[in-house]
Amino acid sequence: WSEPIYNAVFMSGPPMQSALAQGRPPRRKLMLLIFLALFLLPIAARAALFAFEDRPRSWRDADWSSIGSLPPAAAHPEARVLVLSGRTGGWKGVVAVHSWIVIKRENARNWTRFDVVGWGNPVRVNGWAPDGRWYGANPAVVADVRGAEAAALIPTIEQAVKNYQYSNAGDYRMWPGPNSNSFVATVLRAVPQLGAMLPANAIGRDFRPGPYVGLSDSGTGVEANLWGALGLKLGWVEGIEVNFLGLVVGVDIRNPALKLPGFGRLGFEPATALAVPANR
């Protein structure tokens, strides 16, 4: 710089320096903008993609049939536990998925599926095919455990379903919960050895009936949570997560990925996603 300009900027005292500082956004404002961008921009992007998807107009138009990924139970003698999720319908499909649990005891002749829905008595058993589409969307596998490990988990899962606190008509609440994802998350808390966690866009999974500070769901980290509407998680299974009004932003450390509202995760698929098409 020339000497006159240098003197004008640095030797003119606080007024000129203050004017330069005003050209930069305050740190708090910058942090707020970053925070809003992380939570709102992914939703806007997902909404734009959603607008161009060929989606059913109502539940009557949706395909709820099996995708054929599971063999008949009689042809699959070993015990098995699956946790699945599928994008829900209507405007909720922009930001949320619906989750459910499927089990089969060793040598059982049928698969058993557990869901929670928002009408009538919330807990439903075998309301749909175990690997059925949800509102026309193919399900994704969150966890898939077989054999002796699955057999050991099933009694605890069945007991957790039986003891689910919000199983009466009228208990269901879309936001912040208890909803379908709150139900599955409650069952997963009963079997932390499964090492599974619902996707970031499973809104309602973090619902708790009151403020909570303690171990994370998997027992591999810590969590601070206010009714599922505001929270923070740090753990090996959970990674790093910030929950704001049920929307989650974070980083998956175990299976490297970003967690974003609307998208769930962007990165490597977790090792537990083992949906195997049936041999027909």
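Look up a bit, the structure's there.
Our subject in this report is the structure included herewith. (Residues numbered from 1 in each chain as written. Predicted model: local features only at pLDDT ≥ 70, side-chain atom pairs only at ≥ 80, totals over all residues. Heavy atoms only, no water.)

### Some words on empty space enclosed by the protein
By the definition in use, this model includes four cavities of 30 Å³ or more. Space inside the largest cavity adds up to approximately 120 Å³. Lining the largest cavity are 15 residues, with L188, A196, M197, L198 and D217 sitting closest to its centre. Broken down by element, the residue count for the lining of the largest cavity peaks at three residues, all from helix α5 (residues 180–190). Residue composition of the lining of the largest cavity, grouped by class: eight nonpolar, two polar and five charged. (1 Å grid on protein atoms, 1.4 Å probe; cavity = no way out; pocket = protein on both sides within 12 Å on 5 of 7 lines; lining within 4 Å. Points joined across faces, edges and corners; volume = space filled by probe spheres on them. Helix = DSSP H or I, 4+ residues; strand = E, 2+ residues; numbered from the N terminus. Nonpolar A, V, L, I, M, F, W, Y, C, P; charged D, E, K, R; others polar.)

### Considerations on the packing of aromatic side chains
Per the counting criterion, the structure on display carries eleven aromatic pairs. Measuring from centroid to centroid gives 5.7 Å for F39 and F244, while their planes differ by 65 degrees, and the two rings are edge-to-face. On the criterion of sequence distance, the pair formed by F39 in helix α3 (residues 27–52) and F244 in strand β9 (residues 239–244) is long-range, its members being 205 residues apart. Note on F39: relative accessible area 3%, which makes it buried. (Phe/Tyr/Trp six-rings, centres within 6.5 Å; stacked < 30°, edge-to-face > 60°. Buried < 20%, exposed > 50% of the residue type's maximum accessible area, 1.4 Å probe, protein only.)

### Some words on the sheet that holds strand β2 (residues 97–104)
Judged by pairing direction, the sheet is antiparallel, and its five strands sit side by side in the order β4-β3-β2-β1-β5 without closing on themselves. Looking at which strands have only one partner, the edges of the open sheet turn out to be β4 (123–125) and β5 (140–146). Averaged over all pairs of adjacent strands, the angle between their axes in this sheet comes to 15 degrees, without regard to strand direction. With six bridges connecting them, strand β1 (residues 80–87) and β5 associate as antiparallel partners. Note on β5: the bridge partner recorded for S85 is A140. Contacting β1, β2 and β3 (112–116), α5 crosses the sheet at an angle of about 40 degrees to β2. (Pairing = 2+ DSSP bridges. Axes fitted to C-alpha atoms, helices over the stretch in contact; angles between N-to-C directions. Contact = heavy atoms within 4.5 Å.)

### Details of the environment of F268
With respect to the helices and strands, the residue F268 is situated in the segment after β12 (264–267). The exposed category is assigned to F268, whose relative accessible area is 58%. Sequence-wise, F268 and P256 are twelve residues apart; in three dimensions their C-alpha atoms are separated by 5.8 Å. In contact with F268, other than residues within four places in its own chain, are N255, P256 and A257.

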